[in-house]
Amino acid sequence: MSSEMSVPGEGAREAELQVEMKKTQVSQITHFAEDTREVPSSERTLDATPITPNPEDQDKPQGPADTSPVTSTAPGPNIPEIAEDTAPATSTTQDHNIPEIAEDTTPATSTAEDHNIPEIAEDTAPATSTAEDHNIPEIAEDTAPATCTAQDHNIPEVAEDTAPATSTTQDHNIPEIAEATSPATSTAEDHNIPEIAKDTAPVTSTTQDHSIPEIAEDTTPATTAQDHNIPEIAEDTAPATSTAEGHSIPEFAENESPVTSSAPAHNIPEITGDTSVMVPSDPTKSPSTTTASVSPLGEIKIDSMESDSVSLCWCSPENMDGIPHSFYITNSSSDRCHQDSITARSSSTVISDLRPGREYSFTVTTELVNGIQSTLVSTSVCIKPSPPGEIKIDSVGSNSVSLSWGSPAGLDEIPHSFKITYSSSVKDNPLSITAPSNSTLISKLRPGREYSFTVTTVLENGTQSTPISTSVCTKTHLEDLLCMLGLENYFPGKITLSTVLEIGTESITDEPIQSLKKLPWCFLKRLMMVNVTVLSTICSAAETDTDTALQDLDSVLELIGSNDDQDSNTINPLDLLAALFLCSDSFLQQEIMSKMSMCQFAVPLLLPYCSTSQCTLMLWAMRDIVKKFRPCSLADSKGFVEDSIVSTAMPMISFVRLGDCSLSKSQILNQVLSNPQQYHDVFIHRDMECGNVPRRIANGLVEIGWYLPSGKKNLDIFPEPVAVVNLRGDLLSFQKQFSILCQTSSAVFIFFDSIAESECNLLSSAGNIKAQLFLVANFPNKTEKNINSLKDLASKLKLCGSQILFKKQQTNDAQFVSKLRLTMNGIMENCQNKVTIEGMSAEAHELGIRVDEDCTECQNAKRSAAEITCRIDDVVQYKEDQLPLQGKLWKELAKIEKEEYRLRKAGDQPIEEYKANLQSEKQKLRQQQSSYDMSEAMQCFITAISNESKEERSYFLKWMRMNLDVKARKKLSGLRDEYKEKCCKLSENKEIIADLDRQISNSSLGMEHFMREMGQLYEAACSLSSNNAYRQQFQDLPSLGADLLLDGFHLELVDGDASNIPVRWMTGVLTKLHEKVQHKSRVLVVTVLGVQSTGKSTLLNTMFGVQFAVSSGRCTRGAFMLLIRVKEDLKEELNCDFILVIDTEGLKSPELAELEDSYEHDNELATLVVGLSDITIINIAMENSTEMKDILQIVVHAFLRMEKLGKKPNCQFVHQNVGDVSAHDNNARDRNKLLEQLNEMTQAAARMEKLDPNIKLTDVMEYDPEHSNWYIPGLWHGIPPMAPVNTGYSESVYEFKKSLIEVLKSCKYQTLPEFLEWMRSLWKAVKHENFIFSFRNSLVAEAYSNLCVEYGKWEWDFQKHMYNWLATAETRISNTSNQSSKVEFLSSLKKEVTSQEETTLEKLTKYYESKEGHVNLVKSYRATFEISIKTLRIEIENSVTNKLTAAIDFQNGMKKVHDVNGKHKAILEEKVLKLLGDCRKRREDLSEEQLEKEFEKMWEETVKKLDFKGLEKRDIVLDVYNQLRKQLDRHGGGVKMVINQASDLTKYGVTSFTVNDKYFERCWFKKHITDAMGITAQKFKKEEANIMAQCVITESSQFVSDRKHTTTDYHETYTRELLEMIDGKLKEIKKLNAQFEVDLKLHICGFAAREFQQMHEDFIKVNDPLKHLEKSRSQYCSDLIDLYREKDQSRKKAEEFTERCLKLAVREYVNKALGIDIVDAMLTGADSVKYSTRSYFQHSILKQLLKDNTCKNYVSYIRNYNDFVKKWIFDCILEFFKFNGLSCLELKRLEAITEKIQAAVKRAENEGTSTRDIKTISGFVENVCSVLSSDIVISTDDLGLKLIQDKASVKEFIGHLQYYLKQMKTSLSAEFSQWCDIQKKLINLPFKPQDELFRKVFGCGKQCPFCMVPCEAGGKNHKEHHASVHRPKGLGRWRSSVSNKLSVSVCTTRVYSENTFRNSDTEWKPHPYKDYRKFYPDWNIAPDPSIEASDYWKYVLTTFNEEFAVEYHAKPANIPEQWKSITKEQALKSINEVFNVK
């Protein structure tokens, strides 16, 4: 079907388009070049045969000029550009887009819809297009015609002056038509023609769907197609015809023929210029103008209409049967000036693609075949608008819904609105509103209803679109409120107590509440801290869409005038409270109730569920509220009542309202319950902040408050307790609530303003009202009707006059309140019906009211708890029967455990035997414990807490606690009050107080007792073998304990009754807890300490919201810990996962403690918790400040002990009951005074602990007087029991909490395993009385070990660097021909050693700054290691200085020898050269024999004339003697006399040295005094001194031997070093006189002098000038012969230089460095851990000894430790290099030095321009030696370099040298790879690795004075000696003075016992072991970390008891039986644990 459209004349702004639909193919013409000409298709050849492209997918990006024609019939050509002056183009495609037609264009005819014609240039020739979807970007000028009949062409550009183009296609895009354009016809589909240039021919378009945004003025007619894209047609373009589909025509050169393409999918980007005219493809119709002969059709009817189409029909024209005809239909819209037309064959049609909302006119004419038409018939219609887009529900409230929808399509320019119709599911009349935009808010809906909404588009003329619909249910008031508060995901009951207690960023910030969503959490945060300002619910910033500050005046006035003044960002506090109760679980509800009760707020009694008439009785939630009061009946006896509020019977008076009431009953009730001096809002009322906000969900809420008397008649409002109940809302709406109040109350007061008849009838018909009814009438308008209604109601209810109260206008509130109180008093006096809240549950069930306790879990738990607690009558008896393990047995065990450490009662018993007996007793007690069957109560308890239901388990624990508290209150409240009263008069009531304390302890029964029993079950089970059935039964108990901790329950850490920690139980629990949190167990610890009853637990409860026991029936005993989770947002800052809070029992005053024998317990407790905590809170109540000063001494001791361990906790002092706002300033003086007192206490404690007496408090704890003191007012605001919590208290505690968290941020966390290890170690240390010297902890040990490992690395780095520096310096000195400057080298040494010292100290600093590996625990060792580094520097500097001095002196001394040798060589070389000249002058050729003969003759003659005076011989013996004499000058005359007599040292040291009596000091040496071992002191000390002397002699011999074996001469420093070494050794030998020192030194110096003299003489012989010269004799002779024969000497000299010089130097270099490399290999190799610390070294030795298991080795290790260690290290080195030998190290060094030599040769070769003369071989060799002067010592004296021929080639020498260097490397590699005697090699090395390793691991060499175990302390100059494990003293040769049996006691035990020791150091007087440091102050003997720690040595002594007895000349020890069961495996395990080896 085709359609046409005529276009009006020139200059029209909107062109009429004619379109004819045709099937065409799309061409894409990319580019036509300029100056193309027309060529007929029959003649299209181009100097070549035609090219036929591949019919599929050919690409031709650029064609050459004059190419042959191409025919294309493929789809989709691309025609981007048509050049200027092209022939007309015909286009027949659809969908052109022609956005703009320029000015002065020729008319354009367009009959297509939705064309886009962007631009057609001026003066354009007509273009015809018959292709679909063309893209024609550019057609070049003067191109030949192109015919386009393809689809999908893109024609972006048509140049100026183009020929006419006809377009008959659809969907062209023609962006621009330039000015003065000729008509263009377009018949193609989908062309893209963005621009047609100026002066183009007319364009005709006959397609549909064109979009023509702009057509310029004076345009010629253009016919365009639909949606064409015609970007640009160049000027003067000829017509183009395209008949191809999908072609791409890239580019053709100029002057080429037209191209015809018949291949698919060609790409033809460019066609060149000068194209001929192109013939249009469509003939033009010629319609007739005669219409008389054609009948018109009938009336047009509209059959149907949509938003984009219309269905038309009409009656057939008359008299046209049999005549072929059709119908020509045109249509035009109201907003467009063009028409569209179609032809129909029948009398109906559907016209589509219409634009919605437009007025369309339609004309229909009958048309014959020849084109004759009838008169037209017309009609018009408005098209239905588009429907709106999809409806979206933006928000849903309880009474409103916000809707939005998409804009209807195609109506952007059409005025329209939207009609919204809505109706609810309930049959209501539909309502409708109109909205001008795409969204609306529909309000005044009903909550909880299903609503349907329809939206239609409405035009101004009323035409409506098709409706669209949606439906939504409005929220209930509850849902709406929960969404506002952000609680929708927490309903119902999903907020848990643990969630609320988690510490996060919001816990410590005070940001204003910006949103209602933050309000619930802020409320809970404040409530948990018992802040009475919690009911403030207004937000600081309005969360509204409009900012009132920016509104105009009219808006403000309109807002004021409106009735709706409710701020959407406010909420009634009652609604917030109800919402939180509905969203909280049962346990959080309980906590909320408890905290509200503390604030004296009314709490919910009946909680409504607002969407129904249901409500809940909050019985469970109130069970935790415990009140204490004194009714008037107990006032005289000072008694009081303390009970749970739900169990306390009292009158209940209810207050309700009927209808609206202008009188606020809540406000009246607050006045009734408040004292005039202390008004308090118990009930929320309308005049409170936000109290006037309409309630959404709180109507129907019933609140209850209490008045509790204090027993003071002048202050009490009511003499007895009374419950006051308040119903919120109209009682008629909440009849269920009203009914239960009428059934349970003593009286019900009904407030009203008026009574309607219906209300009167309802009240009067209510039956079974048990309560008295009182009417409270408030008639603002006192009318007769009101009075009559009141009389009628009173009559029906049979009320008397006293039951009606009037609130008259003239009666003020005070008068009315007074009257109301009198009425209430009367009710209470006559009340016979006292109720409990527990009792109300029965009434609630009858009325169908739910009770919160009715849930299955709660009831099951209640029964389980009752089953246990119902049997408790006599607490003492119950504990003995049901909890037997924690009574006497546990307390006895605790005593034995402490006695194991303290050994106070050992008496005369052997200590090890006594310890063994204690072990047996412990085992018996454990067996007794395990012999008990689990009691029935414990079975029930464990079963209940093992419940899989976490909720039921929590209910059970709560029931248990509440039931036990009830029992405790009955018994303990009175006892505690009596105790407090008696303590006020301590001196008078000592015995009574002690008895009361025992009663309190015995009568206490709480949850901790059941948990304690559980722990004892586990501990008893753990003492059995692992496969024991009893043990298996209790293996899961720790997991239960861990679960409880995670659930927020506190766990007993220290048993206050037994004063002990169940260590195995705590280990099990915390280990399981660590597993359960997946090892995310970083904790920071906060602890509180203080005097009894100063509010410590209350402080923690307020600060963290936790539940430590605080009621009168309970009092903290021992210490309890509780975990608080840290939220993710604070974890990174705090660097922890949990905060561990420890609450402790109150410390007692010294007097009270002495009375109760608990001072020790308090001391232990304080030390433990201070040691465990990161922050310790010292709680001081001002009224107890005197007591606190005494108790602070305990705390100071604890802090002092921690400082010694490297732990410095932070301390915060909290001063309670200080209410003045200026307290902080006023107490400045008090703070300073407190600090002074604390400093005094610290110094006193330091003296007691034997520490620095000048220490200050701030040295032992982090304490700042300004910021570490907190002043907190009293807890209660007023007089209890009606006093609320003081706001100042909660605010001050909150500020303290924020500060505490900030402090914690700087603390180092511990993981739970680390905390556990710290706790275990601390507790062991606490159990020793002498704490300071007994602490041992694996964490500290590990930290110290890590530090020692690092220090060992730094030390070796320092030493190795200096050894290498020394080697380089010595090499430089040896290579220096002139005298070396000692000053220069020593200055360089000082710089180097200082630099290394600073580097090492910096490493130490960085290590401590890293804060890794618990480095804080070893802070106290920092100074020791700093001193060690400085000492190391001094030692190295001294040692290197001595070696440098010796080297320089040796080199300078050798200069004379070198000068003599050099002079001799110069003379001989001159003689050789003279001889050479003489021989050459002879005319005969001399043979070698003749030459040799001549040479010998010359040599003999010359040598006779030389002076061979060499080194002078010195008297070394005299030098040694003089140094010895000088050193001994410090002694008196006797020594000088001896030394003067020893004039000839060579006579000394010949015979062996023996110790005799004259060497001992007379002051202590007395013969025949028997020491503790049964041998005389004389014999003992002689033997000991002799061993030490022999040790010194052996080491001195080794020293002398090492020096003698060097190639150097003797130096005076050797003697100085020897004497210094002897002095060092002599310090270890005590009680010997100066005679011993002199004789020993004479002995040693005697053989040293002889050896040194021999060394010197040998050196002189070696360096004799004549001998030296004789060595070169053969060399000179050989050189003479070579020179005479004129042989090439380069090869020979290269070989000699390599063999004689380099090889020796390399061998010496490797040998010199080998020792350092061996040490390095040992310290970094597989066994490096052995040598990393002295402790690990000891472990390695002990492990090897155990493996060898021979007594001989042990004796050698114990008695000759030095020799044993040296030999052991030597053997280790041999073992280490056993398989590979030392070759790997030697080859590595060889590789390094040969590379340096080769590099030196290369460098010397390249330095041809240097100042050195390297044109000769001698010059080259000197250059090489100079480069290597810092690496190796090369001697070229024997080479005879001066005798080398000048013509000898250096180049050839270098070549030979490189060859021989390779040979040397090969030779030395083979030499080093051969097997060698490693032992011999090690002994002969200049640097002995065995000695260096010995010095490193041997340490100070000190041994324990008791058991002879070696010291393991790190560093050089440590202050204290210590060892990981000590031995039985018998191994150190100690024995009984009576029996002569070897001792089995271990010194780690002895030093904590009451025993004594005596030896030569004590002058054989008994001295207490405990005070051993008096004689051995530098030894720290720590206790064994466990009983098993010394198993290793116990096993050794047991195994080799007989052998040791023989070796030590004693009798075998009495081995304890337990020792005999120790196995070898257990011995190994014990040292692995002690040395912390995994």
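Residues numbered from 1 in each chain as written. Predicted model: local features only at pLDDT ≥ 70, side-chain atom pairs only at ≥ 80, totals over all residues. Heavy atoms only, no water.

(A) Summary view of the overall build of the protein chain. Counting secondary structure elements, the protein chain contains 60 helices and 53 strands. Within the protein chain, the fraction of its 2038 residues that count as buried is 56%. Relative to all contacts within the protein chain whose residues are 6 or more apart in sequence, the contacts with residues 24 or more apart total 78%. Total accessible area on the protein chain stands at roughly 86,200 Å², and carbon and sulfur atoms take up 48% of it. (Helix = DSSP H or I, 4+ residues; strand = E, 2+ residues; numbered from the N terminus. Buried < 20%, exposed > 50% of the residue type's maximum accessible area, 1.4 Å probe, protein only. Contact = heavy atoms within 4.5 Å. Areas by Shrake-Rupley, 256 points an atom, 1.4 Å probe, with all protein chains shown as cover.)

(B) Main features of helix α52 (residues 1817-1827). Those residues of α52 that fall on the buried side of the exposure criterion are I1817, G1819, F1820, V1821, N1823, V1824 and C1825. On its buried face, α52 is in contact with α46 (1690-1724), α51 (1783-1806) and α53 (1850-1873).

(C) Focus on the nonpolar core. L605, M622, I704, W706, F749, I750 and I1177 are the most contacted members of the largest nonpolar core, which has 163 residues in total. A total of nine residues in this core trace back to one element, the largest contributor, which is helix α5 (residues 573-583). Those residues in contact with W706 that sit more than four places away from it in its chain are V603, M622, I645, M650, V722, A723, I837 and M1282. In terms of nonpolar packing, the next biggest core, distinct from the first, is built from 103 residues, L883, C1022, F1138 and L1192 among them. (Core = buried A, V, L, I, M, F, W, Y, C linked by side-chain atoms within 4.5 Å.)

(D) Expanded view of the environment of I837. Counting through the fold element by element, I837 comes out in helix α13 (residues 837-846). Counting along the chain gives 189 residues from I837 to T648, while the straight-line C-alpha distance between them is 7.9 Å.

(E) Spotlight on a negative patch on the surface. On the surface, D873, D874, E880 and D881 cluster together into a patch of negative charge. The topology assignment puts D881 in helix α15 (residues 875-882). (Patch = residues over 30% accessible without salt bridge, like charges linked within 9 Å, V, L, I, M, F, W, Y side chains within 5 Å. Salt bridge = Lys/Arg side-chain N within 4 Å of Asp/Glu carboxyl O. Lys, Arg positive; Asp, Glu negative; His and termini not counted. Charge placed at Lys NZ, Arg CZ, Asp CG, Glu CD.)

(F) Quick look at helix α6 (residues 586-598). Between the first and last C-alpha of α6 there are 19 Å, a value that for 13 residues agrees with the 18 Å anticipated at 1.5 Å per step. Burial analysis of α6 places twelve of its 13 residues in the buried class, the great majority of the element. Residues of α6 that are buried: S586, F587, L588, Q589, Q590, E591, I592, M593, S594, K595, M596 and S597. Q600 sits one or two residues past α6 and shows a positive phi near 60°. (Expected span 1.5 Å × (residues − 1).)

(G) Fine view of the side chain of N825. Tracing the backbone through its elements, the reader meets N825 in helix α12 (residues 813-829). Classification of N825 by relative accessible area gives buried; the value is 18%.

(H) Examining the packing of helix α9 (residues 735-744) against α13 more closely. Running from N to C, α9 and α13 cross one another at 130°; their axes reach a closest spacing of 10 Å. Of the possible angle classes, the one that applies to α9 and α13 is oblique. Regarding α9 and α13, the two cross each other, and that crossing is right-handed. Residues I740, Q743 and T744 of α9 pack against M840, E843 and A844 of α13. Considered class by class, the residues forming the contact of α9 with α13 number three nonpolar, two polar and one charged. (Axes fitted to C-alpha atoms, helices over the stretch in contact; angles between N-to-C directions. Parallel < 35°, antiparallel > 145°, perpendicular 65-115°, else oblique. Left-handed = near helix turned anticlockwise from the far one by under 90°. Nonpolar A, V, L, I, M, F, W, Y, C, P; charged D, E, K, R; others polar.)

(I) The arrangement of the environment of L1746 in detail. Residue placement: L1746 occurs in helix α48 (residues 1734-1748). Distance in space between the C-alpha atoms of L1746 and L2028 is 7.7 Å, their sequence separation being 282 residues. For L1746, the residues in contact, after removing those within four places along its chain, are Y1754, Y1992, Y1995, K2024, A2027 and L2028.

(J) The sheet that holds strand β29 (residues 431-435), seen in detail. Reading across from one edge, β29-β28-β31-β32 is the order of the four strands in this open sheet, with antiparallel pairing throughout. Edge strands, defined here as strands with exactly one partner in the open sheet, are β29 and β32 (468-473). Taken over all neighbouring pairs, the strand axes of this sheet differ in orientation by 25° on average, direction set aside. The sheet contact formed by strand β31 (residues 450-459) and β32 spans six bridges and is antiparallel. Bridging from a neighbouring strand, S452 pairs with S471 of β32. (Pairing = 2+ DSSP bridges.)

(K) Fine view of the packing of helix α10 (residues 757-765) against helix α11 (residues 784-797). In contact at an axis separation of 9 Å, α10 and α11 are set at 10° when each is read in the N-to-C sense. As summarised for this structure, α10 and α11 are arranged roughly parallel, according to the angle between their axes. Viewed along their axes, α10 and α11 form a crossing whose handedness is right-handed. Where α10 approaches α11, its residues C760, N761, L763 and S764 are matched on the opposing element by S789, D792, L793, K796 and L797.

(L) Representation of the sheet that holds strand β19 (residues 300-305). Taken in spatial order, the three strands make up an open sheet running β19-β20-β23, and their pairing is antiparallel. The open sheet terminates on both sides in strands that have one partner only, identified here as β19 and β23 (348-351). Adjacent strand axes in the sheet meet at a mean angle of 25°, parallel and antiparallel pairs treated alike. In this structure, strand β20 (residues 310-314) lies alongside β23, joined through four bridges in antiparallel fashion. Counterpart to L312 in the pairing with β23 is T349.

(M) Examining the pairing of strand β24 (residues 359-368) more closely. With eight of ten residues buried, β24 is to be regarded as a mostly interior element. In terms of strand pairing, strand β21 (residues 325-333) meets β24 through nine bridges, oriented antiparallel. Within the sheet, the bridge partner assigned to H325 lies in β24 and is L368. Inspection of the sheet shows β24 paired to strand β25 (residues 377-382) by six bridges, in the antiparallel sense. Bridging across to β25, E359 finds its partner in C382.

(N) The arrangement of the packing of aromatic side chains in detail. Tallying each qualifying case throughout the model produces 55 aromatic pairs. Both rings, one in F1906 and one in Y1969, keep their centres 5.4 Å apart while their planes meet at 55°; by these two values the pair is tilted. One end of the pair, F1906, is in the loop between α55 (1889-1898) and α56 (1947-1950); the other, Y1969, is in the loop between β53 (1967-1968) and α57 (1991-1999), and 63 residues separate them in sequence. Look at F1906 and you get buried, because its relative accessible area is 0%. Considering the side-chain rings of F2004 and Y2008, the 5.8 Å spacing of their centres and the 35° angle between planes classify their relative orientation as tilted. Each member of the pair, F2004 as well as Y2008, is classed as buried. Over the face of the ring belonging to Y1309 we find R1082, whose NZ or CZ atom lies 5.7 Å from the ring centre. When the ring centre of F1894 is taken as reference, the NZ or CZ atom of K1766 above it lies at 5.1 Å. (Phe/Tyr/Trp six-rings, centres within 6.5 Å; stacked < 30°, edge-to-face > 60°. Lys NZ or Arg CZ within 6 Å of the ring centre and 35° of its normal.)

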